[in-house]
Amino acid sequence: SIAVGACACMCAYFGNSILEQEALPNWITCFAVCILVSVVFYIPGKSAQMKLFKREAMCVIGLSWLFTSFFGALPYVLILNANFADAFFESASGFTTTGSSVFSSVENFPRSLILWRSLSQWIGGLGVVVLFVAILSFLGASARILYSYESSAKSYEHDSGQIRNGVFRIFAVYLFLSAACAVCYKLCGVDGFDAFFHMLTTVPSGGFGTFEQNIGSLNNPALEWAMIFFMFVSGVSFIYILSLLRGNFEYIKRNTEFFAYVAVLAFSTFVVFVSRENYSGFSDALANFRTSAFQCVSIMTSTGYAVCDYQTWKPITHILFFVLIFIGGCSGSTSGGLKVARAVAAVKLAVAHLARSYRPRLVNPVKLNGRVLTESGSVEILTFIVLYVLAFFAGTLVISMLEPETSFEGAMSAVIASLSNVGPGFGEFGPF
C-alpha cells in the first residue's frame, strides 16, 4: 500500500502530463484495494497468538509472493488495459527480480508506472518477507523462522543473536548501497530519474530497464563501470558486507564462497574477453574488456542487464553464460541461481567421495566457510541441486510441448533464466 501510494504521489506531482492525469484515478483505486484487503486480512487474525511454526512460515512465504504479485499486477491492468496474464507475469518478474518482460517497450509508459515497475524489484530484492520481519517487530522469535526460510544464509552465520536486529542492519546496508548507487549513476552523467530508476533495479539484481535497447541505449562507459561495481557488490552476501564493515576479518578470510565468486567471475571475464578477439588497439581492447566484464557480472548476479547483443558472440561464451546462470551469486545476497556456496560444496563433496573411493580409510571432512559440513547439511545441498536440475528439465519439456516452434536453445534458456531469476536468455528469449 505504501509503495502504491508513493507511485500515486508521483503521478499527482507530474499531473500536467496527459498520461499521468489518466493514470491517477487508477492509482487511487489500487491504493484503496490494497488498504481494504489489508484490513480484511488483519481483523480476523488480530487476536491470534504471535507464534509461527515451520509449516506456517512456509505458507506465509509462499502466499506472500503470490499475493504480492497478484496485487502488483493491478496497475498494469488498470493503467495499460493489459490482460491479467501479462500483468501478473510482469509483476511476478518484478518482485522476484527476474527481469523478464512481456512489454516490448516501456519508454511510453507513464513515469509513475515505470517507478512501480522498478520499485517492485527494489522491494523484492531483499525479499518481501525479510522486509516483513524488519517492519513487524512483534513477530519476536518467529522472525528467526521466517528469516531462515526466506534467506539463503544460515542463521548461525549472523553475528547478532536476534535475527530481527540483524535484518535491520542488513536493511540499513541495503538502503546505504541504494543511495550510493543512485548518486554514483547521477555523477556518471545520467538523467536524475533514469539514475533513480536504474538504481532500483541494480541493487536488487533485477534488471528492469527504462529503454528498449537496455543499457546499450545510454552509451555511457562510466555508467557501465559503475554498474559493474554495484552489480558485483549486490551479488556478495550482505552478511559478508556487514562483517567487513564491522572489521570481522576472521570471517572474511575463511569465507570460501566469496573467493570462489571472485574467481569464477575473473575466469569468465578473461575467457569471454579472449574469445572475442575483435580489437585493433588499446581503446577497442578496453571497450571489449568492459562489455565482457559487464555481461559476466550481469548474468552471474542474475541482474540481466545487457549493453550489447551477446548472442552474436562465439558459442563458447553462450556455454559459459549458461553455467553462470546456473551458479548465480552468493547466498544471502540479492542474486538468484543455485548460489556459489552450494556449487562449491557440491564440488568438494564430489572430490571427497572420489578420494574415499581410492582410500576408504581416509578421514577428510568437507569444509565450507571454515565450518565442517554435516551429513544432514550435505544431503540438503545435494537434494536442492537435484530438485533444481529436475525442475529445469521438466520446465524445458513443458515449454517445448506448449511452444513447439521454440528452438532448443531458447526453451532451455527461458526455463533456467526464470528459475535463476536472470531474465534474458538465448534464442527467442535473448537480451533484445
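Right, let's walk through the structure included here. Quantities reported herein were computed from a predicted structural model and do not represent experimental measurements.

About the criteria used
Each chain has its residues counted from 1, following the order in which its sequence is written. Two thresholds apply to this predicted model, a pLDDT of at least 70 for residue-level local features and 80 or more for giving and counting side-chain atom pairs, whereas whole-chain, interface and lining totals are computed over all residues. Only heavy atoms go into the side-chain values, all of them from the structure, while hydrogens and water stay out. With axes taken as lines fitted to C-alpha atoms, and helix axes fitted only over the stretch in contact, angles between N-to-C directions fall between 0 and 180 degrees. Per the convention used, a helix needs a DSSP run of H or I reaching at least four residues, while a strand needs a run of E reaching at least two, with both numbered from the N terminus. Throughout this description, any angle smaller than 35 degrees is read as roughly parallel, any larger than 145 degrees as roughly antiparallel, any in the 65 to 115 degree range as roughly perpendicular, and the remainder as oblique. Note on contacts: a residue pair is in contact if any heavy atoms of the two residues lie within 4.5 Å. The nonpolar class holds Ala, Val, Leu, Ile, Met, Phe, Trp, Tyr, Cys and Pro. Asp, Glu, Lys and Arg form the charged class, and all remaining residues, Gly among them, are polar. Here, nonpolar core means buried Ala, Val, Leu, Ile, Met, Phe, Trp, Tyr and Cys residues that are tied together by side-chain atoms lying within 4.5 Å of each other. Using a 1.4 Å probe on the protein chains alone, a residue whose accessible area is under 20% of its type maximum counts as buried, one over 50% counts as exposed, and one in between counts as partly exposed. Put simply, two rings from Phe, Tyr or Trp (the six-membered ring, in Trp's case) pair if the centres are within 6.5 Å, and we call them stacked under 30 degrees between planes, edge-to-face over 60, tilted for the rest. Two conditions define a charge located above a ring, namely a distance within 6 Å from the ring centre to NZ of Lys or CZ of Arg, and an angle within 35 degrees of the ring normal. As used in this structure description, the phrase polar contact means that two N or O atoms lie within 3.5 Å; if the pair is within protein, one of them must be able to donate a hydrogen and the other to accept it, and residues adjacent in sequence are counted only when both atoms belong to side chains.

Moving on to the packing of helix H5 (residues 84–95) against helix H6 (residues 111–126). Their axes nearest at 6 Å, the elements H5 and H6 cross at an angle of 45°. With respect to H6, the element H5 is oriented oblique. Along its contact with H5, which presents Glu 90, Ser 93, Gly 94 and Phe 95, the element H6 presents Trp 116, Arg 117, Ser 120, Gln 121, Ile 123 and Gly 124. Its residues assigned to classes, the contact of H5 with H6 shows three nonpolar, five polar and two charged.

Turning our attention to the nonpolar core. Core analysis: the largest hydrophobic core is formed by 105 residues, its most contacted members being Trp 27, Trp 116, Tyr 185, Met 227, Phe 294 and Phe 321. Not counting the four nearest positions on each side in its chain, Met 227 is found in contact with Tyr 185, His 198, Thr 202, Ile 215, Phe 294 and Tyr 305.

For the coordinates displayed, the defined rule picks out 33 aromatic pairs. Of the aromatic side chains, those joined through ring pairs into one cluster are Phe 41, Phe 67, Phe 70, Phe 71, Phe 84 and Phe 88. Over the face of the ring belonging to Phe 193 we find Arg 111, whose NZ or CZ atom lies 4.2 Å from the ring centre. The ring of Phe 208 is capped by Arg 117, whose NZ or CZ atom sits 3.8 Å from the centre of that ring.

Assignment of secondary structure puts Ser 275 in helix H14 (residues 256–276). A polar contact of 2.8 Å, which involves the side chain of Ser 275, links it to the backbone oxygen of Val 272.

On their own, these measurements won't tell you what the molecule is for.
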